[in-house]
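Next come the chains, spelled out residue by residue.
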Amino acid sequence: MTESNNHHELVFWRKYIFSQDHKMIGLQYGITALSFMLFGFSLMLVMRWQLAYPETPVPLIGWLLGDDGILLPEVYNSLGAMHGTIMVFLGIVPLAVGAAGNYIVPLQIGAPDMAFPKLNMASYWAYFIGGVIMIVSFFVPGGAANSGWTSYPPLSVIATTGQTLWLFGMIALITSSLLGAINFIVTIVQLRAPGLTWMRLPFFVWTQLITAFLLLLAFPPLEAAGVLQLMDRLAATSFFMPSGLVVSGQILEASGGGSPILWQHLFWFLAHPEVYVLILPAMGIVAEVIANNTRKPLWGLKPMIYSTIFLGFMSFTVWAHHMYMTGMGTTISAFFQTTTMIISIPSVVILSALFISLWGGSIRFNTPMLFALGFLPMFGIGGLTGLPLGLAAADIHLHDTYYVIGHFHYVVAPGTIFALFAGIYYWFPKVTGRRMNETLGKIHFWGSIIAINGIFFPMFIQGLAGVSRRMWDGGAGYAHAQDVLWGNEVMSIAAGMLMLFQIPFVINIIRSIKHGEKVDDNPWQATTLEWTTPSPPPHGNFAALPTVYRGPYEYSVPGRDKDFWPQSDPEEGA
Amino acid sequence: MEMIPYTVEAREDTGMNNAKLGIWLFLASEVMLFGGLFSAYVFLRLGAPAWPEGGSILSVPIATFNTLILIGSSVTMVFSWTALKENDFGKYRLYLGVTILLALLFLAVKSFEYSEKFSHHLYPSSSTFMAIYFTLTGLHALHILGGIIVNGYFWGPGSKMWTSDPERFTNRIEIAGLYWHFVDLVWIFLFPVLYLL
Amino acid sequence: MNTASGASGHARTYLLVFGTLAMLTIVTVAAGYVSFPAGLGIAIALVIATVKGSLVAAYFMHLLHEQKAIYWLLLFTLLLLLIMFGLFIGSALDQGGIPSVS
Ligand code: HEM
Ligand SMILES: [Cu+2]
């Protein structure tokens, strides 16, 4: 009783700034991450201008870049590295895990909050500090980090100060993720409502659980690597610096004896699992939305769950498929090619199960469902184009070309980001009690899916022709690239369009908070627990802790008059 | 009314309270942190044309002494926890205090070792071996420092909880202990790897 | 559990473990002064360290009486650790050492 009284008296900064309520923290994560994504995208628009119209002044913001407004190669490198870093570590992961996971997981498992609310708050603020450090790094001499988001040494070790800040920023972000991961796992294992057995857990919760394990166990080696690189930069050690390195015609003063390849091992030990961190929550969201809008149980929920677990484990064993070109021996290369082929199986299982789930459903084509449906073929393209990269022979040709950029952007942009959009449209009524506008939503979807394919499809064509990534001139200096240079302008115009088509989305969100159509607590007639509590849920989430009686997707159960059967409905039999 | 369940009592099907699972997850991530560093060590050493024997550069007797100190502090840490289980708050404070003092002693010895190396012009930048030595022991020392802060808090202001919620406080000391023993355990591997091999 | 005799029984165990750890420490150091063939020396040191580590984990961290979930977590972590170790070593050897520019 006293508890609930206290909560009404919470002063502004305890309620909105240093909140310990998972819903407020989720929203903080969401707003911060969306802002960073917009920022990361804007960096890329500037770069795309240069690629389409080389060495012409950048419109609107050109004055930021110097007198003549041209994007210089050094700055291009900074923007590229920071685009990658911001999108991955400050955009997608915080949105998929920090925001969606934080807000929805406790609700879906019938818990009053996360297991450790203070830790949750600390996790957000560590993320925030990491973000601030990354932003500040743009203003130090030499600009932000410019050695790619992969920060490969020796380049990164001799790079300008921005790289040091990048490393500190990463350590803050890693800390944030570790705290978050511990919190998620404990919450899911310990705070499940009575009756919510493992096989009754919604698929979204499963994906968050596996994601948390990946973050927990894959990030520490990168933290170790970050510390080592900091030592290399600040204490002049040579963990990653080979002997006798020649820089600008001079032998570099360093004790030497280190190995650049060591960094790559440690980096990719994290960064491969990281791509599953980017994709698993997205699959979870898509599964929820598809089950709800086909009004059918998911086809093959159990195989999907087992596939997710297997995927999580296997993702620790494939990392060196990013390193075929480092001169690795054939034995190790054969090993990593094999594991890479094996890990594609569970992804295919999950994607196929989602496709088959559509079969025979009476599909409601609302905005969340459109984005979820868009995810399926886009992720399919992203995944399938990854296979050749997993085979060393093909990778010799494709490595470090725009083909790679095309491949993983299909996975993360029209893949993960579309899933996240689906999630935002789907759960918005839970957060606000109002639904987002359908017309604006549909404009957002159709505009985005056309534009985004216009950006990323030509990348495959350029990449197959051999255009390298990270090129300031977009391949203009390559004889063999002349036939595919048309792609640059197409991609850049499409990128501009993509930006324009986000305007209806932003308007929609802002407008719907106050003026959206008012809806009841369960506007999508869904089965999972988050829909049994008021919108927005009060502090503590549930008036009385729910009990769970059945699986997560009991839609259209024969013999019942309603076509959905909430998990917490105690009624017996059909 | 306590809102979040299983903060003190164990959940029936998992047999644990939240903090217990939490600390073990944290320690698992620490295993991977130090595991990554050890892997880096092995990787560099395998590739190096020559590698010095630790004992020829570092002082084995000093490190042996430090090892015994750290093991000793683990024992006193365990005793401070059992003291709480026996409802003996005075004994708890005594043992935890000794644990903290031993930890400080460890750091003092460590910094003596460092300054010894510096005075012989051995720095992290001197060789890959020295780089590994300083980085690994430095990171370990930071963990010790963290442990001192946590234990210091539970010795001082944090111990107020003993009167309000003794069971939860006892759990907290158990958790702090698990962390402390882990730091000890890491040293048990660092010692031979750096000094003896 | 909280009876005095139980606790003092535990105290004896803890002291015994401490004694063993101290003794093993001396043994490793002593072994360091004997000149074994290179590989054997490393093996001895690592085996002793593992035994010591296990004692700490089993008694001080009372893993002997812990929940199944913790065992699974640790086994899984150790498995990943072995994978990391194995593949790092594997690639270092397969690559033929560290490439050097000079
Ligand atoms: C939706 C709009 C996006 C556009 C138009 C875009 C465009 C690009 C382009 C053209 C490059 C290659 C730059 C170069 O090689 O010079 C690139 C690199 C990259 N992008 Fe994106 N991207 C977008 C979204 C994302 C998202 C959502 C993610 C992350 C999850 C992401 C992660 C990356 C990464 C990691 C790189 C590599 C950076 C590096 O070379 O170090 N991008 N992006
Ligand atoms: Cu990969």
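As the structure is a computational prediction, the values presented were derived from the model and not from experiment.

Draft legend 1. Structural detail: the overall build of chain A. In terms of regular secondary structure, chain A is built from 17 helices and 4 strands. By the compact-globule yardstick of 25 Å for 574 residues, chain A fits well, its C-alpha radius of gyration being 24 Å. For chain A, the C-alpha atoms occupy an extent of roughly 80 × 55 × 50 Å along the three principal directions. Here chain A holds 574 residues, and the buried ones make up 62% of them. Considering only contacts within chain A whose residues lie at least 6 apart along the sequence, 77% involve residues at least 24 apart. Summed over all atoms, the accessible surface of chain A reaches about 20700 Å², with 70% contributed by carbon and sulfur. Here chain A holds 24 positive side-chain charges and 29 negative ones, and the gap between their average locations is 11 Å.

Draft legend 2. Molecular detail of the confidence of the model for chain A. The share of residues in chain A with pLDDT of 70 or more is 98%, and the mean pLDDT across the chain is 94. In the model, residues 1-6 of chain A has pLDDT below 50 throughout and makes 3 contacts with residues more than four positions away in sequence or in other chains.

Draft legend 3. Here's a closer look at the coordination of the iron atom of ligand 1. Residue and element names in this part refer to chain A. Donor atoms from the polypeptide that bind the iron atom of ligand 1 are His 83 (NE2) and His 409 (NE2), placed at 1.9 to 2.0 Å. Angles of 88 to 179° at the metal separate the 6 donor atoms of the iron atom of ligand 1, which places the site in the octahedral class. With a gap of 326 residues between them, His 83 in helix H4 (residues 73-108) and His 409 in helix H14 (residues 402-432) connect regions that are remote in the sequence. For His 409, a relative accessible area of 13% corresponds to the buried category.

Draft legend 4. View of the packing of helix H3 (residues 60-85) of chain B against helix H7 (residues 166-196) of chain B. Residues and elements named next belong to chain B. Packing of H3 against H7 leaves a shortest axis separation of 9 Å and a crossing angle of 165°. As the angle between them shows, H3 and H7 are arranged roughly antiparallel. The crossing of H3 and H7 is left-handed. Along the lines of polarity and charge, the residues of the contact of H3 with H7 split into 17 nonpolar, 9 polar and 3 charged.

Draft legend 5. Main features of helix H3 (residues 22-52) of chain A. With 31 residues, H3(A) extends 44 Å between its outermost C-alpha atoms, agreeing within 8% with the 45 Å of an ideal straight helix rising 1.5 Å per residue. Two to three positions downstream of the cap, the backbone nitrogen of Lys23(A) sits 2.7 Å from a side-chain oxygen, assigning the N-cap of H3(A) to Asp21(A).

Draft legend 6. The interface of chain C and chain B, seen in detail. If you look at the interface, chain C gives 44 residues, while chain B gives 47 residues. Interface area, chain C with chain B, both sides summed: about 4000 Å², of which 84% is carbon and sulfur. Along the contact surface separating chain C from chain B lie 3 residue pairs in polar contact (both at pLDDT 80 or more). Of all elements in the fold, only helix H1 (4-33), helix H2 (38-60) and helix H3 (68-94) of chain C reach the threshold of two or more residues within the side of chain C that touches chain B.

Draft legend 7. Summary view of the coordination of the copper ion (ligand 2). Residues and elements named next belong to chain A. Here the copper ion (ligand 2) is held by the protein donor atoms His 272 (ND1), His 321 (NE2) and His 322 (NE2), which lie 1.7 to 2.0 Å from it. Summarised as a motif, the one-chain spacing of the donors to the copper ion (ligand 2) is H-x48-H-H. Of the two residues, His 272 sits in helix H8 (residues 260-294) while His 321 sits in the loop between helix H9 (301-314) and helix H10 (330-357), which places them 49 residues apart along the sequence. Since its relative accessible area comes to 11%, His 321 is described here as buried.

Draft legend 8. Representation of the nonpolar core. Core analysis: the biggest nonpolar cluster contains 281 residues, and Phe203(A) and Trp24(B) have the highest contact counts within it. Top contributing element to this core by residue count: H8(A), with 22 residues. With residues up to four places along the chain from it excluded, the contact list for Phe203(A) reads Met283(A), Gly284(A), Ala287(A), Glu288(A), Leu301(A), Met304(A), Ile305(A), Thr308(A), Ile350(A) and Tyr553(A).

Draft legend 9. Region of interest: the interface of chain C and chain A. Of the residues lining the interface, 17 residues belong to chain C; the matching set on chain A comes to 28 residues. Of the roughly 1800 Å² buried between chain C and chain A, counting both surfaces, carbon and sulfur atoms make up 80%. Per-residue buried area on chain C facing chain A is highest for Leu87(C), Phe88(C) and Gln95(C); these three make up 30% of the total on that side. At the junction of chain C with chain A, the criterion picks out 0 salt bridges. Counting every contact that joins chain C to chain A gives 3 residue pairs in polar contact (both at pLDDT 80 or more).

Draft legend 10. Structural view of H7(B). All names here are of chain B. With 31 residues, H7 ought to run about 45 Å at 1.5 Å a step, and its terminal C-alpha atoms sit 44 Å apart, in line with that. When the local axis directions of H7 are compared, the greatest deviation, roughly 25°, occurs at Leu 190, which is followed within four positions by the proline Pro 192. Burial of H7 is extensive: 26 of the 31 residues sit out of reach of the surface.

Draft legend 11. Seen up close, the packing of aromatic side chains. All names here are of chain A. With the rule as written, the count across this model stands at 65 aromatic pairs over all chains. Between Phe 269 and Phe 316 the ring centres are 5.8 Å apart and the planes differ by 45°, which places this aromatic pair in the tilted class. Pair noted here: Phe 269 is in helix H8 and Phe 316 is in the loop between H9 and H10, with a separation of 47 residues, a long-range link. Since its relative accessible area comes to 1%, Phe 269 is described here as buried.

Draft legend 12. How the structure looks around the site of ligand 1. All names here are of chain A. Around ligand 1, the surrounding shell holds 25 residues, and the nearest of these are Tyr 76, His 83, Trp 149, His 409 and Arg 470. At 2.9 Å from a nitrogen atom of ligand 1 is found a side-chain nitrogen or oxygen belonging to His 83. Between ligand 1 and the protein, one listed contact pairs a nitrogen atom with a side-chain N or O atom of His 409 at 2.7 Å. Looking at the shell around ligand 1, the elements with two or more residues in it are H3, H4, H14 and helix H15 (438-464). The biggest single contributor to the shell around ligand 1 is H4, with 7 residues. Of the residues assigned to the shell around ligand 1, the class counts are 17 nonpolar, 5 polar and 3 charged.

Draft legend 13. Representation of the pattern of salt bridges within the structure. Taken as a whole and assessed by the stated rule, the structure comprises 12 salt bridges over all chains. Two residues, Glu86(B) and Lys91(B), come together in a salt bridge whose shortest N-O distance is 3.3 Å. Exposure remark for Glu86(B): the relative accessible area of 28% places this residue in the partly exposed category. Across the pair Glu113(B) and Lys110(B) runs a salt bridge whose closest N-O atoms are separated by 3.1 Å. Residue Glu113(B) and its partner Lys110(B) are located together in helix H4 (residues 89-119), separated by 3 residues, close to a single helical turn. The burial state of Glu113(B) is the same as that of Lys110(B); both residues are buried. Salt bridges sharing common partners tie together Arg560(A), Asp569(A) and Glu571(A).

Draft legend 14. Main features of unusual backbone geometry. Residues and elements named next belong to chain A. The residue after Pro 153, namely Pro 154, is reached through a cis peptide bond having omega 0°. Mapped onto the secondary structure, Pro 154 falls in the loop between helix H5 (117-136) and helix H6 (162-190). Backbone torsion omega between Ser 535 and Pro 536 reads -15°, so that peptide bond is classified as cis. Its place among the elements puts Pro 536 in the segment after strand S4 (517-518). The phi dihedral of Glu 55 is positive, around 55°, even though this residue is not glycine. Considering the arrangement of structural elements, one finds Glu 55 in the loop between H3 and H4.

Draft legend 15. Molecular detail of the packing of H8(A) against H14(A). Residue and element names in this part refer to chain A. Where H8 meets H14, the axes come as close as 9 Å, and the angle between the chain directions of the two elements is 45°. Taken together, the axis directions place H8 and H14 in an arrangement best described as oblique. In this structure, H8 crosses over H14, and the sense of that crossing is left-handed. Mapping the contact onto sequence places Leu 278, Ile 279, Ala 282, Ile 285, Val 286, Glu 288, Val 289 and Asn 292 in H8 and Val 411, Val 412, Thr 416, Ala 419, Leu 420, Ala 422, Gly 423, Tyr 426 and Trp 427 in H14.

Draft legend 16. Structural context of the environment of Thr175(A). Inspection of the secondary structure assignment puts Thr175(A) in helix H6. For Thr175(A) and Gly130(A), which are 45 residues apart along the polypeptide, the C-alpha to C-alpha distance reads 9.3 Å.

Draft legend 17. Layout of the environment of Arg511(A). Residue and element names in this part refer to chain A. You can see Arg 511 is positioned in helix H17 (residues 503-515). Considering only alpha carbons, one finds Arg 511 and Asn 437, 74 residues apart in sequence, at a separation of 8.7 Å. Beyond its immediate chain neighbours, meaning those up to four positions away, Arg 511 contacts Asn 437 and Gly 516.

The rules behind each value
Residues numbered from 1 in each chain as written. Chains lettered and ligands numbered in written order. Predicted model: local features only at pLDDT ≥ 70, side-chain atom pairs only at ≥ 80, totals over all residues. Heavy atoms only, no water. Helix = DSSP H or I, 4+ residues; strand = E, 2+ residues; numbered from the N terminus. Rg over C-alpha atoms; globule rule 2.2 N^0.38 Å. Buried < 20%, exposed > 50% of the residue type's maximum accessible area, 1.4 Å probe, protein only. Contact = heavy atoms within 4.5 Å. Areas by Shrake-Rupley, 256 points an atom, 1.4 Å probe, with all protein chains shown as cover. Lys, Arg positive; Asp, Glu negative; His and termini not counted. Charge placed at Lys NZ, Arg CZ, Asp CG, Glu CD. pLDDT = per-residue confidence, 0-100. Donors = N, O, S within 2.8 Å, 3.2 Å for Na, K, Ca; no water. Tetrahedral: all angles 85-135°; square planar, octahedral: opposite > 155°, others 65-115°. Axes fitted to C-alpha atoms, helices over the stretch in contact; angles between N-to-C directions. Parallel < 35°, antiparallel > 145°, perpendicular 65-115°, else oblique. Left-handed = near helix turned anticlockwise from the far one by under 90°. Nonpolar A, V, L, I, M, F, W, Y, C, P; charged D, E, K, R; others polar. Expected span 1.5 Å × (residues − 1). Polar contact = N/O pair within 3.5 Å; in protein donor to acceptor, adjacent residues only side chain to side chain. Buried area = accessible area lost by both parts, 1.4 Å probe. Core = buried A, V, L, I, M, F, W, Y, C linked by side-chain atoms within 4.5 Å. Salt bridge = Lys/Arg side-chain N within 4 Å of Asp/Glu carboxyl O. Bend = angle between axes of the 7 residues up to and from the residue. Phe/Tyr/Trp six-rings, centres within 6.5 Å; stacked < 30°, edge-to-face > 60°. Near = heavy atom within 4 Å.

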